[in-house]
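Chain and residue survey
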Amino acid sequence: MTRQGVAVLGSTGSIGTTALRVISRQRHRFRVAALTANSNAALLRQQETEFAPAYVGIVNSDEQRPGGWHSGAECLIEAATRDDADIVLNAIVGAAGLDATLAAVRAGKRVALANKETLVVAGALVERACREGGGEIVPVDSEHSAILQCIGTRPRSDVRRIILTASGGPFREWSEQRLADATVADALRHPTWTMGRKITIDSATLANKALEVIEAHFLFGLPYDRIEVVVHPQSIIHSFVEFVDGSVVAQMGLPNMELPVLYALTHPDRAPDDGVEPFDPVKASPMTFEPVGYARFPALRLGIDAGKRGGAAPAVYNAANEQAVALFLGGLIRFGDIPRAIASSLDKLGDMAGETREELLAADSCARRLVMELF
Ligand SMILES: NC(=O)c1ccc[n+]([C@@H]2O[C@H](COP(=O)([O-])OP(=O)(O)OC[C@H]3O[C@@H](n4cnc5c(N)ncnc54)[C@H](OP(=O)(O)O)[C@@H]3O)[C@@H](O)[C@H]2O)c1
């Protein structure tokens, strides 16, 4: 079998390191063509030694950058468009991952997409770039991987609606008053998933679920009124698809990103992998479901409404959220300020033009600036 080359963007993060673990068990199928990081040179060096990629890039390089490494934001595009990369695993966090996705699909690559912000900021542009360049997006997010697996080869017209599951995050049972002053340590204590810091905060505000609703809208071509969310605290069922005849298909597995990462690399095939812990339905019991607390988690409704509004609104939502999360993680604002910052940004900037990449990036910058001015 010819091994497929994988460019791993964001290789030093939570998904990036998970992907390298998966690839190291699947070396007969995959080889690492390229690795990139933002600034973690020490881990990147270890990964270079272990996987011997032809290309290594670090965006924010310092004097310690070894000879032969590429630097600056251009390295993401170079890594994403290399001839020896058949698949680009985009595990960058935030809107910083957008240009690499666009470049990869324009170059006809499969993008295994963890960087959901790409589709939130510029879903329509990514769709067009896929059509023009022949590339494709295969989701890494466990919910979207689940939906893809449930739909299988059925036409979209067979799908009545999809239901994304949400763990509910660490604050599922907290009151509104207590939530306003939740600390960074509280918010980073996710009950079921171990992930990077930004997505962990997004899971606490439920902004993550809003990003996923928008992601699902673009990936599966469904209107927003056919995408629903339900809280499932055990994170075993990763999502449901209801077909037009009323039959509901769900995909399940332990909360471990190795499986969706592997599936994104092999889709529609399945690769034997004995590294994933076997599923035991008895241990996974009981499985429970609850309605979402939209009133306590305003970031969710704000995001879904921004998705429906379209144009630059989802990009504004995303940028305001990224900036507010960074301020919260830095101890500069309160937990309850995150949705407030998003709401103000959407009020003031939600109608900005948002057709081209340049317009979307302008909306992104304005939203970040506005959030900085608010506090
Ligand atoms: N973690 C999960 O379980 C999970 C599940 C589903 C979806 N996702 C999505 O996957 C993406 C990555 O999440 P994560 O949890 O793996 O994040 P993470 O642990 O923070 O890792 C982010 C990666 O991106 C790199 N990076 C950060 N800023 C960058 C920039 N400006 N330019 C280029 N590279 C940059 C980081 O490099 P340094 O290490 O050098 O800073 C790191 O390699 C997010 O979009 C998230 O929503 C994650």
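Parameters and conventions
Residues numbered from 1 in each chain as written. Predicted model: local features only at pLDDT ≥ 70, side-chain atom pairs only at ≥ 80, totals over all residues. Heavy atoms only, no water. Axes fitted to C-alpha atoms, helices over the stretch in contact; angles between N-to-C directions. Helix = DSSP H or I, 4+ residues; strand = E, 2+ residues; numbered from the N terminus. Parallel < 35°, antiparallel > 145°, perpendicular 65-115°, else oblique. Left-handed = near helix turned anticlockwise from the far one by under 90°. Contact = heavy atoms within 4.5 Å. Nonpolar A, V, L, I, M, F, W, Y, C, P; charged D, E, K, R; others polar. Phe/Tyr/Trp six-rings, centres within 6.5 Å; stacked < 30°, edge-to-face > 60°. Buried < 20%, exposed > 50% of the residue type's maximum accessible area, 1.4 Å probe, protein only. Lys NZ or Arg CZ within 6 Å of the ring centre and 35° of its normal. Near = heavy atom within 4 Å. Polar contact = N/O pair within 3.5 Å; in protein donor to acceptor, adjacent residues only side chain to side chain. Areas by Shrake-Rupley, 256 points an atom, 1.4 Å probe, with all protein chains shown as cover. Domains from an automatic or database assignment. Buried area = accessible area lost by both parts, 1.4 Å probe. Pairing = 2+ DSSP bridges. Salt bridge = Lys/Arg side-chain N within 4 Å of Asp/Glu carboxyl O.

A short note on the packing of helix α1 (residues 14–25) against helix α11 (residues 258–266)
At their nearest, the axes of α1 and α11 sit 9 Å apart, and the two run at 65° to each other. As summarised for this structure, α1 and α11 are arranged roughly perpendicular, according to the angle between their axes. Note that α1 runs across α11; the crossing there is right-handed. On the side of α1, the interface is formed by Ile-15, Thr-18, Ala-19, Arg-21, Val-22, Ile-23 and Arg-25, while α11 contributes Glu-258, Val-261, Leu-262 and Leu-265. For the contact of α1 with α11, the residue count by class is seven nonpolar, one polar and three charged.

Side note on the packing of aromatic side chains
Scanning all chains against the criterion turns up four aromatic pairs. A ring pair is formed by Phe-171 and Trp-174, whose centres lie 4.5 Å apart and whose planes are at 55°; its orientation type is tilted. Judged by relative accessible area, which is 0%, Phe-171 ranks as buried. Trp-174 sits in the buried class, given a relative accessible area of 15%. Through a chain of ring-to-ring contacts, the aromatic side chains of Phe-171, Trp-174, Phe-328 and Phe-335 assemble into a single cluster. Taking NZ or CZ as reference, Arg-178 lies 3.6 Å from the ring centre of Trp-174, over its face. Directly above the ring of Tyr-294 sits Arg-301, whose terminal nitrogen or CZ lies 4.1 Å from the centroid.

A short note on the packing of helix α4 (residues 98–106) against helix α5 (residues 117–133)
Orientation of α4 relative to α5, taken along the N-to-C sense of each, is 15°, at an axis distance of 8 Å. Here α4 is positioned roughly parallel relative to α5, judged by the angle of their axes. With respect to the hand of their crossing, α4 and α5 are arranged in right-handed fashion. For the pair α4 and α5, contact is made by Leu-98, Thr-101, Leu-102, Val-105 and Arg-106 and by Thr-118, Val-121, Ala-122, Leu-125, Val-126, Ala-129, Cys-130 and Gly-133, respectively. Residues that form the contact of α4 with α5 fall into these classes: nine nonpolar, three polar and one charged.

Details of α4
Here α4 lies mainly inside the structure; seven of its nine residues are buried. Inspection of α4 places Leu-98, Ala-100, Thr-101, Leu-102, Ala-103, Ala-104 and Val-105 among the buried residues, and these make up the whole buried set. One or two residues past the end of α4 sits Gly-108, with phi positive at roughly 80°.

Here we look at the site of the ligand
In the vicinity of the ligand, 25 residues are found, and the nearest of them are Thr-12, Ser-39, Asn-40, Glu-117 and Gly-196. With respect to the ligand, the backbone of Ile-15 contributes an N or O atom lying 2.9 Å from an oxygen atom. Residue Asn-40 places a main-chain N or O atom 2.8 Å away from an oxygen atom belonging to the ligand. For the ligand, whose unbound accessible area comes to 900 Å², protein coverage reaches 85%. A breakdown of the residues in the shell around the ligand according to their chemical character gives twelve nonpolar, ten polar and three charged. The residue makeup of the shell around the ligand includes at least three contributed by each of domain 1 (4–139) and domain 2 (145–254 + 289–309).

Here's the deal with the domain arrangement of the chain
Along its sequence, the chain is carved into domain 1 (4–139) and domain 2 (145–254 + 289–309). For domain 1 versus domain 2, the separation of C-alpha centres amounts to 25 Å. Domain 1 puts 13 residues into the contact, and the matching count from domain 2 is 14 residues. When domain 1 packs against domain 2, the two sides together hide about 1100 Å² of surface, and 70% of this comes from carbon and sulfur. Together, Lys-116, Val-120 and Pro-139 form the three largest contributors to the area buried by domain 1 at its contact with domain 2, with a combined 50%. Counting across the interface, domain 1 meets domain 2 through three residue pairs in polar contact (both at pLDDT 80 or more).

Quick word on the pairing of strand β11 (residues 248–252)
Two elements, strand β10 (residues 237–243) and β11, share five bridges in a ladder whose sense is antiparallel. In the strand pairing of β11, Glu-242 is matched with Val-248. Count of turn residues in the β10/β11 antiparallel hairpin: four residues, of which Gly-246 carries a positive phi of about 95°.

Overview of the side chain of His-238
Along the chain, His-238 turns up in strand β10. Here the side chain of His-238 touches Gly-253 through a polar contact of 3.0 Å, landing on its backbone oxygen. Apart from the residues lying within four places of it in its own chain, the contact partners of His-238 are Ser-142, Glu-143, Ala-146, Thr-165, Trp-193, Gln-251, Met-252, Gly-253, Leu-254 and Pro-255.

Structural notes on unusual backbone geometry
The residue after His-267, namely Pro-268, is reached through a cis peptide bond having omega 5°. With respect to the helices, strands and loops of the structure, Pro-268 is situated in the loop between α11 and α12 (298–309). That bond from Ser-285 to Pro-286 is cis: its omega, -10°, falls within 30 degrees of zero. Note on placement: Pro-286 falls in the loop between α11 and α12. Look at Leu-206: it is not a glycine, yet its phi comes out positive at around 70°.

Quick notes on the pattern of salt bridges
Taken as a whole and judged by the stated rule, the model has 25 salt bridges. For Lys-209, the salt bridge identified is with Glu-143, shortest N-O distance 2.9 Å. In this pair, Lys-209 sits in helix α10 (residues 207–220) while Glu-143 sits in helix α6 (residues 142–151), placing the two residues 66 residues apart along the sequence. For Lys-209, a relative accessible area of 6% puts it in the buried group. On the basis of relative accessible area, Glu-143 is assigned to the buried category, the value being 8%.

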